[in-house]
Amino acid sequence: MVTDTRRGSLVWAACSWLAPMKVLLTLGLCLVLGVAGAEPEAPVAPSNTDQTEASAENLRDQISIAFEAGDYARAIELATQWIGRQPESADGYYLRGLVLGEGQQDYERAAADLAKANRLAPDFANAWVARGWYLILLGRWDEAREVTAQAQALAPDSYESSVNLGHTYLLQGDQETAHRWYRYSLPLIPDEESLLAGPVADFELFIERGWRVTAAQKERDWLHRAWAEWEVVEALNQQVLDHYRNGQYHQAISLVRDQLRRTEILVGTKHPAFSRRLNNLAGLLRATGRYGEAEPLYLRALELRKDVLGAKHPDTLASMNNLSNLYASQGRYEAAEPLYVETLELRK
C-alpha cells in the first residue's frame, strides 16, 4: 500500500519520510529552501542554488497541476526535466515513479525509478514504501519483502510500511507472520478513512486478483473487528483525562488498567501502544503518591521501548526522564542523577 490506486490518491513527500501517505494529491516535497530569518536590509542577487531551488519548486507545481488534470504524460515529461537538471537528487525519480505508478499503472518503470531514488537517498522511507507496493502489485513478493522490510525499519511508526510488510508474508502463504504485522499496524492507522482506503482496499484487491483469497478475507474481517475494538479503547482517553482533571484518580487508574488489558489483547506487549499505556498508568500512580507501584511499570515501559524503538527514540528518552523524576520525587538522587545525565547524552 502506498496509495489507493483506484481512487488516484497520491502523496509527494520527497523529503519528509514521516509524512502521511494516504492523502489526496499533496506535493509536499519539503525542499530545503533555507531557514526563515530576518529580512535582508538590501536586495541580494539570487545565487545559483536559489535559482535551482526556485526552478525545482516551479517544476513541482507544474507536475502537480498536470497530475490533477490527468495529463500524466506531461507530468512525466516535467519530472524527467527535473531529473535532467538534478540527476543526483532522489526527488525527480521519486516523483516520476509515483506518476508512472499511480497515473499510468506502469509498475515496472515506477519500481525502476524508485529503486534509483533508494540508491540516491537510502534513508528516504516513502520511496521504499512506494517501491515495495509496486513490487507487490507486480507479484515480485520476495523482492517486495526485502524492500518493505527496509521501509519499515526506516519508518516504524508508519502503518503503510508495516501493512505492506505483512502483505508480503500473506501473499507467500505465511499468514501467521502476516497477522503479526497487521496487529502491529492497527494502532498506527490514524482514522477509519485510512483503514478503508489502505489495508481494507488492499485485501479487496488481493481477493479480486485471486491472491490468497481465504487468507485475505480472514485478515480483512479481523481488521474490521479489531478496529472497532481499538476505537473503543481510544475513546477511553477522554474519560481518563476528565477523571484526572476532576481529581477522580481511582476512576482514572481503573480505566487505564482496562485500556492496558485490551491493548495487550489487540496488539500484544511488544507494541509501542502497550508501553504507552504502561507509562500512563505509572504516571497516574505516581501522581497519587503510589511510587512503589509506579516504579516497576516505568521500568517495564523503558525496557520495552528500548527493545522495540531503540535507545534514542523520543519515547524511550521520555521513559528515562519519567523514571529519573520518580526517583527524585522519592529523594533517591543517587539513582535519578545518572539516568538524567544519560538522557541528556542520548538527546545530543
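These lines cover the structure that appears in this document, whether it is placed above or below.

Definitions and cut-offs
- Residues numbered from 1 in each chain as written.
- Predicted model: local features only at pLDDT ≥ 70, side-chain atom pairs only at ≥ 80, totals over all residues.
- Heavy atoms only, no water.
- Core = buried A, V, L, I, M, F, W, Y, C linked by side-chain atoms within 4.5 Å.
- Buried < 20%, exposed > 50% of the residue type's maximum accessible area, 1.4 Å probe, protein only.
- Helix = DSSP H or I, 4+ residues; strand = E, 2+ residues; numbered from the N terminus.
- Contact = heavy atoms within 4.5 Å.
- Patch = residues over 30% accessible without salt bridge, like charges linked within 9 Å, V, L, I, M, F, W, Y side chains within 5 Å.
- Areas by Shrake-Rupley, 256 points an atom, 1.4 Å probe, with all protein chains shown as cover.
- Salt bridge = Lys/Arg side-chain N within 4 Å of Asp/Glu carboxyl O.
- 1 Å grid on protein atoms, 1.4 Å probe; cavity = no way out; pocket = protein on both sides within 12 Å on 5 of 7 lines; lining within 4 Å.
- Points joined across faces, edges and corners; volume = space filled by probe spheres on them.
- Nonpolar A, V, L, I, M, F, W, Y, C, P; charged D, E, K, R; others polar.
- Expected span 1.5 Å × (residues − 1).
- Arc of directions from axis to C-beta.
- Phe/Tyr/Trp six-rings, centres within 6.5 Å; stacked < 30°, edge-to-face > 60°.

Digging into the nonpolar core
Stage number 1. The biggest cluster of nonpolar side chains holds 71 residues, and the ones touching the most others in it are Ile 63, Trp 133, Tyr 134, Leu 170, Leu 186 and Phe 206.
Stage number 2. When residues in this core are grouped by element, the largest group, ten residues, is from helix α5 (residues 125-137).
Stage number 3. Once residues lying within four places of it in the same chain are set aside, the contact partners of Leu 170 are Gln 175, Ala 178, Tyr 182, Phe 203, Phe 206, Arg 212, Ala 215, Ala 216 and Glu 219.
Stage number 4. Ranked by size, the runner-up nonpolar core spans 27 residues in total, among them Ala 282, Tyr 298, Leu 323 and Leu 339.

Concerning a nonpolar patch on the surface
Stage number 1. On the surface, a cluster of nonpolar side chains totalling about 270 Å² of accessible area is made up of Tyr 340, Val 341 and Leu 344.
Stage number 2. Relative to the helices and strands, Leu 344 is located in helix α15 (residues 333-347).
Stage number 3. Here Leu 344 falls in the partly exposed class, since its relative accessible area comes to 40%.

Structural notes on the layout of surface pockets
Stage number 1. Taken as a whole, the largest pocket encloses approximately 200 Å³ of empty space.
Stage number 2. Mapped by element, the contributors of at least two residues to the lining of the largest pocket are α10 (213-245), α11 (249-267) and α12 (272-287).
Stage number 3. A total of five residues in the lining of the largest pocket trace back to one element, the largest contributor, which is α12.
Stage number 4. In terms of residue class, the lining of the largest pocket is built from six nonpolar, four polar and one charged.

Considerations on helix α6 (residues 141-154)
The periodicity of an α-helix, 3.6 residues per turn, causes residues three or four places apart in sequence to face the same way.
Stage number 1. The terminal C-alpha atoms of α6 lie 20 Å apart, and with 14 residues this matches the ideal 20 Å at 1.5 Å per residue to within 8%.
Stage number 2. Buried within α6 are the following residues: Trp 141, Ala 144, Val 147, Thr 148, Ala 151, Gln 152 and Leu 154. Seen from one end, α6 has its buried residues packed into an arc of 155°, which puts them on one side. Pointing more than 90 degrees away from the buried face of α6 are the exposed residues Asp 142, Glu 146 and Ala 153.
Stage number 3. For α6, the secondary structure elements touched by its buried residues are α5, α7 (159-170) and α8 (175-185).

Details of the environment of Leu 100
Stage number 1. Mapped onto the fold, Leu 100 is located in helix α3 (residues 90-103).
Stage number 2. Residue classification places Leu 100 among the buried positions, given a relative accessible area of 1%.
Stage number 3. Note: C-alpha distance between Leu 100 and Asp 113 (13 residues apart in sequence) is 9.0 Å.
Stage number 4. Sequence-distant contacts of Leu 100, defined by excluding residues within four places in its chain, comprise Ile 76, Gln 105, Asp 106, Arg 109, Ala 110 and Asp 113.

Here we look at the packing of aromatic side chains
Stage number 1. A complete count under the given rule lists ten aromatic pairs for this structure.
Stage number 2. With 5.5 Å between their ring centres and 25° between their planes, Tyr 107 and Tyr 134 make a pair best called stacked. Of this pair, Tyr 107 sits in helix α4 (residues 107-120) while Tyr 134 sits in helix α5; the two residues are 27 residues apart in sequence, bridging distant segments of the chain.
Stage number 3. A residue is classified by how much of its surface remains accessible, and Tyr 107, at 12% relative accessible area, is buried.
Stage number 4. Note on Phe 203 and Phe 206: the rings are 6.5 Å apart at their centroids and 75° apart in plane angle, and the pair reads as edge-to-face.

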